[in-house]
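Structural features, examined
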Amino acid sequence: MRDVTTAQPLDVQPTPLALLLLGREADPRSERGVECPGDLPSPSDPDLVERARVAKEKLGDKVFVLGHHYQRDEVIQFADVTGDSFKLARDAAARPEAEYIVFCGVHFMAESADILTTDSQAVVLPDLAAGCSMADMATAEQVAECWDVLTEAGVADQVVPVSYMNSSADIKAFTGKHGGTICTSSNAKRALEWAFEQGEKILFLPDQHLGRNTAVRDMGLSLEDCVLYNPHKPGGGLTAEQLRDAKMILWRGHCSVHGRFSVESVEDVRARMPGVNVLVHPECKHEVVAAADYVGSTEYIIKALEAAPAGSKWAIGTELNLVRRLANRFAAEDKEIVFLDKTVCFCSTMNRIDLPHLVWTLESLAEGKLVNRIEVDPETEKYAKLALERMLALP
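A brief report on the enclosed structure follows. (Residues numbered from 1 in each chain as written. Predicted model: local features only at pLDDT ≥ 70, side-chain atom pairs only at ≥ 80, totals over all residues. Heavy atoms only, no water.)

**So, the overall build of the protein**
We count it as follows: Helix and strand assignments follow DSSP, with helices taken as H or I runs no shorter than four residues and strands as E runs no shorter than two, numbered in order from the N terminus. Two things to know: the radius of gyration comes from C-alpha atoms, and the globule rule equals 2.2 Å times the number of residues to the power 0.38. Summary of the burial criterion: residues with accessible area below 20% of their type's maximum are buried, those above 50% are exposed, and those between are partly exposed, where the area comes from a 1.4 Å probe applied to protein chains only. Here, residues are in contact when the closest pair of their heavy atoms is within 4.5 Å. For the purpose of charge, His is not counted, nor are the chain termini; Lys and Arg are scored as positive and Asp and Glu as negative. Charge coordinates come from a single atom per side chain, which is NZ of Lys, CZ of Arg, CG of Asp or CD of Glu.
Helix and strand counts for the protein stand at 16 helices and 13 strands. Computed over C-alpha atoms, the radius of gyration of the protein comes to 22 Å, within 12% of the 21 Å expected from 2.2 N^0.38 for 395 residues, which places it in the range of a compact globule. Here the C-alpha coordinates of the protein stretch approximately 70 × 65 × 60 Å along the principal axes. In the protein, which comprises 395 residues, the share counted as buried stands at 56%. Partitioning the intrachain contacts of the protein with sequence separation of at least 6 by distance along the chain shows that 67% fall at a separation of at least 24. In the protein, 41 positive and 60 negative side-chain charges are present, and the distance between their average locations comes to 3 Å.

This is the structure we're talking about:
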């Protein structure tokens, strides 16, 4: 038997990923979080709302606050504009007089805003730990390796990359450098149509579900036309023959919120609410999209509920902060709106932006201290902007 009293302690070193998740290291090119560098006010401070109001008023036109639809109500109340990620980035670009752009969203959104705004503007993310798990599922190194696999299979010259807006600046830059474009959930079909005019195949990054749903549901391709590239397997887990036969090469990424919805969720809500309309985001799984009545982007969901008749019933498959806000907004019009799943599911990283972080940010800026600036390096910005401009040029 081994004498445990004399055993030497194991020399176990935390991995870089573990250090990031523990908040003990920083990687400015990653969506993974780091510690807040300042002293946050207490969440129980009864004066937080007033402090945010005073600091924002002191900054005046120097600050422009963007609030993504998935943000908490306590944060949204201080947003000058609300919207999805790309709308907010464009809104920021349309305010060149604002010295500070405070983006209440996640890391890749702030990067997009920095790419589209002027060099004299500073984009600030109230909490650097506000990232996106989907964006983190495709790193620059992994995508470069994927391109090598496509090259070895003899198909790279036929492939046009299309990257979802929910991707890092590095991935957008890769896309721009390789002749591709960016898409949003509302213009994904147009982006794919454009890409198929440029080449025979598409590498869709990083959300497999949006790529599959758009190709199959909106464009008439078959599931057999799609293959799934897994960056954690040699060669992506695909043979050269599979890559040659495929029309859509989907990256193995997904949204942790939208990926939770299931066909069982749809069946359950239909049983509980006869006559309900099921409306889901295209980041949901293909079988969930197929079982739903309506499918569309965040903006589509909002507009659909605005146009819905009084007395109608809706089950919404998207982030809970938005669903709850819409339910409260339309309650007076006798529209019954519920979350598709029984399980509460906020976007955990989006929810890192809370009132204490916003107060700390605004008060720091009001004191002349620039905090949590998000900057994209010039080379990355050049090619990422090229990909974004191709999207803006889509008919």
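Read on for the rest.
**Quick look at helix H13 (residues 298–307)**
Put simply, the test is: Read the arc as the range of directions from the helix axis to the C-beta atoms.
Of the residues making up H13, those classed as buried are Thr 298, Ile 301, Ile 302, Ala 304 and Leu 305. In an axial view of H13, the angular spread of the buried residues amounts to 160°, which keeps them on one side of the axis. Exposed side of H13, more than 90 degrees from the buried face: Lys 303 and Ala 307 are the residues found there.

**Some remarks on the packing of H13 against helix H14 (residues 320–330)**
The condition is simple: Angular values range over 0 to 180 degrees, each being the angle between N-to-C directions of two axes fitted as lines to C-alpha atoms, with helices fitted over their stretch in contact. Note on angle classes: values under 35 degrees are labelled roughly parallel, values over 145 roughly antiparallel, values of 65 to 115 roughly perpendicular, and the remainder oblique. If you view the pair so one helix is near and one far, a crossing is left-handed when the near helix is turned anticlockwise from the far one by less than a right angle, and right-handed when it is turned clockwise. Basically, the charged four are Asp, Glu, Lys and Arg, the nonpolar ten are Ala, Val, Leu, Ile, Met, Phe, Trp, Tyr, Cys and Pro, and anything else, Gly included, counts as polar.
Put simply, H13 and H14 touch, their axes get as near as 11 Å, and they point 20° apart. Taken together, the axes of H13 and H14 are roughly parallel relative to one another. The crossing of H13 and H14 is right-handed. In contact with Thr 298, Ile 301, Ile 302, Leu 305 and Glu 306 of H13, H14 contributes Leu 322, Leu 326, Arg 329 and Phe 330. Tallied by class, the residues present in the contact of H13 with H14 amount to 6 nonpolar, 1 polar and 2 charged.

**Digging into the pairing of strand E3 (residues 100–104)**
So the rule is basically this: Paired strands are those between which DSSP finds at least two bridges. Place the viewer so that the strands point away; then a crossover is right-handed whenever the path from the first strand over the helix to the second strand goes clockwise.
Counting buried positions along E3 gives 5 out of 5 residues, so the element sits mostly inside the fold. Residues Tyr 100, Val 102 and Cys 104 point to one face of E3 and Ile 101 and Phe 103 to the other, with burial holding for every one of them. One ladder, built from 5 bridges, connects strand E1 (residues 63–68) with E3; its direction is parallel. From the neighbouring strand, Gly 67 faces E3, where its bridge partner is Cys 104. Examined bridge by bridge, E3 and strand E4 (residues 122–124) share 3 bridges and lie parallel to one another. Across the sheet, Ile 101 pairs through a bridge with Val 123, a residue of E4. Regarding topology, helix H5 (residues 107–116) serves as the crossover connection from E3 to the parallel E4, and that connection is right-handed.

**Thoughts on the pattern of salt bridges**
Worth spelling out the cut-off: In what follows, salt bridge is the name for a side-chain nitrogen of Lys or Arg lying within 4 Å of a carboxyl oxygen of Asp or Glu.
Under the definition given, this model contains 17 salt bridges. With its nearest N and O atoms 2.5 Å apart, the salt bridge here joins Glu 50 to Arg 53. One end of the pair is Glu 50 and the other is Arg 53, both in helix H2 (residues 48–59) and 3 residues apart, which spans about a single turn. Judged by its relative accessible area of 40%, Glu 50 is partly exposed. By relative accessible area, Arg 53 is classed as partly exposed at 35%. Of the charged contacts in the structure, one is a salt bridge between Lys 62 and Glu 99, with a shortest N-O distance of 3.9 Å. Placement of Lys 62 in the loop between H2 and E1 and of Glu 99 in the loop between helix H4 (85–93) and E3 is noted, with a sequence separation of 37 residues between them. Take Lys 62: its relative accessible area is 39%, and that puts it in the partly exposed class. Through salt bridges that share partners, Asp 45, Arg 51 and Glu 363 make up one connected network.

**Let's talk about the pairing of strand E12 (residues 313–317)**
On a regular strand, one side chain projects to one face of the sheet and the next to the other, so that they alternate. The element E12 is largely enclosed, with a buried count of 4 among its 5 residues. Strand direction decides the pairing type here: strand E10 (residues 277–280) and E12, joined by 4 bridges, are parallel. Paired with Asn 277 across the strands is Trp 314, a residue of E12. Note: E12 against strand E13 (residues 336–339), 4 bridges, orientation parallel.

**Observations concerning helix H7 (residues 169–177)**
Within H7, 8 of the 9 residues are buried, leaving the element largely enclosed by the surrounding structure. Listing the buried residues of H7 in full gives Ala 169, Asp 170, Ile 171, Lys 172, Ala 173, Phe 174, Thr 175 and Gly 176. If you follow the buried residues of H7, they end up packed against H5, helix H6 (140–152), strand E5 (159–164), strand E6 (181–183), strand E7 (201–205) and helix H16 (378–392).

**Remarks on the packing of aromatic side chains**
Our working rule: Only rings of Phe, Tyr and Trp enter the pairing, Trp through its six-membered ring, and a pair is recorded when the two centres are within 6.5 Å. The plane angle decides the type: under 30 degrees is stacked, over 60 is edge-to-face, the rest tilted.
For the coordinates displayed, the defined rule picks out 4 aromatic pairs. Ring centres of Phe 261 and Phe 339 lie 5.4 Å apart, and the angle between their planes is 65°; this geometry places the pair in the edge-to-face category. With Phe 261 in the loop between strand E9 (248–251) and helix H11 (263–272) and Phe 339 in strand E13, this residue pair connects regions lying 78 residues apart in the sequence. In this structure Phe 339 comes out as buried when scored by relative accessible area, which is 12%. Ring geometry for Tyr 294 against Trp 314: centres 5.6 Å apart, planes inclined by 40°, an arrangement best described as tilted.

**Some thoughts on the sheet that holds E12**
Overall, parallel pairing links the 4 strands, which are arranged E11-E10-E12-E13 in an open sheet. In this open sheet, the two edge strands, each paired with only one partner strand, are strand E11 (294–295) and E13. Along the sheet, H14 contacts E12 and E13; its crossing angle with E13, the most-contacted strand, is approximately 165°.

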